[in-house]
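In case you want the letters, here they are:
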Amino acid sequence: MFNHKAIPPLRPHVLDSSNLGTPDSFWQAELSTAPDWSPPAGPVVVVAAHPDDETFGAGGLIHMCARAGHAVTVITVTDGEGARTDLPEPGVTRRRELRAALSCLSDRYIQWHRLGIPDGNVVGHESFVERAIKTRLPAEATLIAPFEHDGHPDHEAVSRICIGVARRRAATVLRYPIWAWHHFSPTAWRNTEFVRFELSAEAQLAKARAIRCFASQLDASFSPAVMPPHVLGYFTRPYEAFLT
Ligand SMILES: [Zn+2]
């Protein structure tokens, strides 16, 4: 179960995706010994600070759980409108991209709740977000949340809220890094507990297709792209890694 003391006290808070960051081969070596994990039978709720986090962090899980007949819910806390302010309606664009991505991830029904909190200011709406997640978390659900030291204030705020809700409900919560793969080094995580969720070939394909739906984040004409190719490597592994 979740252990606060295991989390390294590093808070980079520097989202500079233009630098190459930690090579994924370093992570792959570290994760090669992580134990296998798969969600227990029952509902799965994946919470994302911005549309696309759920796909990058847990798209394969969403695909495989939906296929296995779990009730899958995705909650997006903001519309991510702060990432591409050069676009006329970035929030609308990212919601459209998310709809397309979810349909790539599964042809089965995935419930999607949009909370519409302003991008970059989750911390100013924590009570609302907490209530919204609590009311959408069924009994016996597995909660999949962002990582509380991911380096983005929204990711961290959503993570703290999810951890708090899970603790009060005695629910299982696992967290997925996004930016931490880039900014952290595996040596900072010696005491943390990763698990691996192996992805079927079909899940890897569905996730790859879903990632391509987020054109606004991959757009190389926007310099630097929000998610440049060297960052995408963390999300095309044949497994997904979560912190327990
Ligand atoms: Zn995000």
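Along each chain, the written sequence defines residue order, and numbers are assigned to residues from 1. In view of the model being predicted, local features appear only for residues whose pLDDT reaches at least 70, and side-chain atom pairs are presented and counted only at 80 or more, with totals across whole chains, interfaces and linings using the full set of residues.

Caption draft 1: Geometry of helix α4 (residues 126-135). Exposure criterion: with C-beta atoms placed from backbone coordinates, a residue whose C-beta has 20 or more other C-beta atoms within 10 Å is buried, one with 12 or fewer is exposed, and one in between is partly exposed. Working definition: helices are DSSP H or I runs of at least four residues, strands are E runs of at least two. Numbering for both runs from the N terminus. Residues of α4 that are buried include every one of V129, A132 and I133, and no others. Buried residues of α4 fall within an arc of 95 degrees about the axis and therefore sit on the same side. Residues S127, R131 and T135 are exposed on α4 and point more than 90 degrees away from its buried face. In the core, the buried residues of α4 are packed alongside β1 (44-48), β2 (72-78), β3 (111-117) and α5 (153-169). Each C-beta atom gives one direction from the helix axis, and the arc is the one those directions make. Placing a C-beta atom from the backbone of each residue, one calls two residues in contact when those atoms lie within 7 Å.

Caption draft 2: Quick look at the environment of H182. Within the fold, H182 resides in helix α6 (residues 180-183). On the basis of neighbour counts, which here come to 26 C-beta atoms within 10 Å, the residue H182 falls in the buried class. Here the alpha-carbon distance between H182 and G233, two residues 51 residues apart in the chain, equals 9.9 Å.

Caption draft 3: Region of interest: unusual backbone geometry. With a phi angle near 120 degrees, D52 is a residue other than glycine that sits in the positive phi range. Within the secondary structure, D52 sits in the loop between β1 and α2 (53-67). The exposure class of D52 is buried, given the 28 C-beta atoms found within 10 Å. Residue A170 is not a glycine yet carries a positive backbone phi of 55 degrees. Its location among the elements puts A170 in the loop between α5 and β5 (172-176). By C-beta crowding, A170 is classed as exposed, having 8 other C-beta atoms within 10 Å.

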